[in-house]
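Inside the fold
Listed below are the residues making up each chain.
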Amino acid sequence: MMRTRPLKVALLGCGVVGSEVARIMTTHAGDLAARIGAPVELAGVAVRRPSKVRAGIDPALVTTDATALVKRGDIDVVVEVIGGIEPARALITTALEHGASVVSANKALLAQDGAALHAAAEEHGQDLYYEAAVAGAIPLIRPLRESLAGDKVNRVLGIVNGTTNFILDKMDSTGAGYQEALDEATALGYAEADPTADVEGFDAAAKAAILAGIAFHTRVRLDDVHREGMTEVTAADFRSAREMGCTIKLLAICERARGGASVTARVHPAMIPLSHPLASVRGAYNAVFVESDAAGQLMFYGPGAGGAPTASAVLGDLVAVGRNRLNGTTGPGESAYAALPVSPMGDVVTRYHISLDVADKPGVLAQVATVFAEHGVSIDTVRQQGKNQSSGDAVTVEQGGGGRREGGEASLVVVTHRASDASLTGTVEALRKLDTVRGVASIMRVEGE
């Protein structure tokens, strides 16, 4: 039976996402009421600029006093889509204290203070849902938290930022340089005027912290996530990737380490084989690949950002929270019982692609191979391209071969077997000290094999 008293919703923020949330609440009001079991009423909208015209929203609902709105006492659910740390943190905490459940899309806040927010929700008997905080419209949080609750997740590997995927896809498909691809992403509205949060991996790192925490039932904070941006990726890196049958993606990787005794979380560019499902993710789309004991390999794919897709995830949470409220229950809260330690980046084991600028003279390959051996890093393949200053001819040398030309410079590309990140770091530091190594042009991890 339909409850006559409406479910009152307070909306914090009415930008790209918030305006879509309000629109869908209005246009799909009948369906939402049927799915929840009660009418849904937009009871207030907190904004910074009240004079701005907002289509479909009664101006009488608009306020600049967000704190007063969440303190009203008659609000059932607060939807927070303003982002950032403050005042979002204070507003969410206040809402929970005053008897409202919370639906949030705030990845940065949840990655930094998720444990405290979950504790506040539990203390006051309220829900805290945040499907929209990771990968937009893609159902990901709920499958990890509920559908796979009886399984053991071992690895989460994903493209969780549409801006960076658009840029790297453009570089791969057209041969464009990084700046050219970024300019196009900006012109099309995929990249912000200041793209730092995206291209330096901050956005993806926050999402990785949330995913790792849920997947491994362990508290993982933003500071626990190793982060590298993609601004140094070049067209030459893509050429090398293609020679290996790979492409390059900015990946968020969360996995069990040390035989499952700890976890790691990291964000960085990586080469992945073209045969891997993530390699075919194009444009501004997101995709997350999950590996678990019983279910095996699962992939979640779709639009990872934008007003309507993100609002879809917000409304999905609103329906779930509304049903819980009508039934006098709450959904699953934080699950951190495993309390596994987070290992440092040095413990991560993977393969590496290293490009070196070296002197083109006898003995260089042997010197380089010796450094790798001394640091316990096994070489899989070596590709040497030497350029004779007079003829301009290039010569390729496989590992252990000869045929190089003397008197110029060369590019030496080394692909390793699996080794720890600490061992690779020590190897690179030693290589830089060799007189015959002019520079380390590129270091790229190889994942997904």
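First, a word on what this report is: a plain description of the structure on this page. Computed from a prediction, not measured in an experiment: that's the story for all the values here.

1. Focus: the pattern of salt bridges
By the definition in use, this model includes 26 salt bridges. One salt bridge in this structure joins D76 and R5, with 3.5 Å as the shortest N-O distance. Taken together, the positions of D76 in the loop between α3 (66–70) and β4 (77–80) and R5 in the segment before β1 (7–12) put the pair 71 residues apart, joining distant regions of the chain. Of the residues examined, R5 reaches a relative accessible area of 42% and is grouped as partly exposed. Across the salt bridge formed by R155 and E447, the nearest N and O atoms sit 2.9 Å from each other. One end of the pair, R155, is in strand β7 (residues 153–159); the other, E447, is in the segment after β18 (437–446), with 292 residues separating them in the sequence. According to the relative accessible area criterion, E447 is buried, its value standing at 3%. Bridged by salt links that share partners, the residues R155, E255, R266 and E447 form one connected network.

2. Looking at the sheet that holds β4
Within a sheet, neighbouring strands are paired by backbone hydrogen bonds and run either parallel or antiparallel to one another. Strands sit in the order β3-β2-β1-β4-β5-β6 across an open sheet of six strands; the sheet is parallel. Only two strands of the sheet have a single neighbouring strand rather than two, namely β3 (62–63) and β6 (128–129). Pairing of β1 with strand β2 (residues 40–46), which is carried by six bridges, proceeds in the parallel orientation. Looking across to β2, one finds that L7 is bridged to V40.

3. Re helix α10 (residues 202–216)
For α10, built from 15 residues, the straight-helix expectation of 21 Å at 1.5 Å per residue is met to within 8% by its first-to-last C-alpha distance of 21 Å. Residue H217 follows α10 closely and has a positive phi angle near 55°.

4. Quick look at the packing of aromatic side chains
Summed over the entire model, instances satisfying the criterion amount to two aromatic pairs. Centre to centre, the rings of Y285 and Y301 are 5.2 Å apart; their planes meet at 10°, and the pair counts as stacked. Taken together, the residues Y285 in strand β11 (residues 285–292) and Y301 in strand β12 (residues 296–303) connect sequence positions 16 residues apart. With a relative accessible area of 37%, Y285 lands in the partly exposed category. Above the plane of the ring of Y129 lies R145, whose end atom (NZ or CZ) is 4.9 Å from the centre. Here R227 stacks its cationic end above the ring of F202, 3.8 Å away from the centre of that ring.

Parameters and conventions
- Residues numbered from 1 in each chain as written.
- Predicted model: local features only at pLDDT ≥ 70, side-chain atom pairs only at ≥ 80, totals over all residues.
- Heavy atoms only, no water.
- Salt bridge = Lys/Arg side-chain N within 4 Å of Asp/Glu carboxyl O.
- Helix = DSSP H or I, 4+ residues; strand = E, 2+ residues; numbered from the N terminus.
- Buried < 20%, exposed > 50% of the residue type's maximum accessible area, 1.4 Å probe, protein only.
- Pairing = 2+ DSSP bridges.
- Expected span 1.5 Å × (residues − 1).
- Phe/Tyr/Trp six-rings, centres within 6.5 Å; stacked < 30°, edge-to-face > 60°.
- Lys NZ or Arg CZ within 6 Å of the ring centre and 35° of its normal.

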